[in-house]
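Each chain, letter by letter, is given below.
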Amino acid sequence: MIPDGVALAILAFAGVVVAALVAGGITLAVQLTRWYTQNQRLWFWNRQLVDHIYRGSPPPPPAPPADLFG
């Protein structure tokens, strides 16, 4: 039989590992959401630039969204 102290240490270690995995998963989800949002804004701005060039519009080109690089 495993001593109580060892069993408690194993359970505590497992709890720390599970908590780290959950925290890492949440952090990953938040970063992916931010990346996706920034990617959509960048795509929209690039589409505006391509349309501007294709139509032969005069300068200045469309400005980037205010929160794209912030």
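Peer 1: In this structure, what is going on with the overall build of the chain? I would like to understand it.
Peer 2: Counting its regular elements, the chain contains one helix and zero strands. Computed over C-alpha atoms, the radius of gyration of the chain comes to 25 Å, more than 25% over the 11 Å expected from 2.2 N^0.38 for 70 residues, which places it beyond the range of a compact globule. Judged by the C-alpha coordinates and their principal axes, the chain covers about 80 × 20 × 10 Å. Across the 70 residues in the chain, those meeting the buried criterion constitute 4%. When the accessible area of the chain is evaluated, it comes to approximately 6000 Å², of which 72% is carbon and sulfur surface.

Peer 1: Honestly, the pattern of salt bridges in this entry has me stumped. Any pointers?
Peer 2: When charged atoms on two side chains of opposite charge get close, those side chains can pair. The final tally for this structure, using the stated rule, is two salt bridges. Ionic pairing is found between Arg-41 and Asp-67, a salt bridge with its closest N-O pair at 3.3 Å. Remark: Asp-67 occurs in the segment after helix H1 (4-55) and Arg-41 occurs in helix H1; sequence separation between them is 26 residues. Since its relative accessible area comes to 31%, Arg-41 is described here as partly exposed. In this structure, the salt-bridge partner of Arg-47 is Asp-51, at a minimum N-O distance of 2.8 Å. Here Arg-47 and its partner Asp-51 are both found in helix H1, four residues apart, which amounts to about one turn of the helix. Classification of Asp-51 as partly exposed rests on a relative accessible area of 22%.

Peer 1: Just to check I follow, could you spell out the environment of Leu-49 for this structure?
Peer 2: By the secondary structure assignment, Leu-49 is in helix H1. Taking relative accessible area as the criterion, Leu-49 reaches 21% and is therefore assigned partly exposed. In this structure, the C-alpha to C-alpha distance between Leu-49 and Pro-61, residues 12 residues apart in sequence, is 6.6 Å. Excluding residues that lie within four positions of it along the chain, Leu-49 makes contacts with Pro-61 and Pro-62.

Peer 1: I'm lost on a nonpolar patch on the surface in this one. Help?
Peer 2: On the surface, a nonpolar cluster with roughly 340 Å² of combined accessible area is contributed by Val-18, Val-22, Ile-26 and Val-30. Mapped onto the elements of the fold, Val-18 is located in helix H1.

Reading guide: rules and limits
Residues numbered from 1 in each chain as written. Predicted model: local features only at pLDDT ≥ 70, side-chain atom pairs only at ≥ 80, totals over all residues. Heavy atoms only, no water. Helix = DSSP H or I, 4+ residues; strand = E, 2+ residues; numbered from the N terminus. Rg over C-alpha atoms; globule rule 2.2 N^0.38 Å. Buried < 20%, exposed > 50% of the residue type's maximum accessible area, 1.4 Å probe, protein only. Areas by Shrake-Rupley, 256 points an atom, 1.4 Å probe, with all protein chains shown as cover. Salt bridge = Lys/Arg side-chain N within 4 Å of Asp/Glu carboxyl O. Contact = heavy atoms within 4.5 Å. Patch = residues over 30% accessible without salt bridge, like charges linked within 9 Å, V, L, I, M, F, W, Y side chains within 5 Å.

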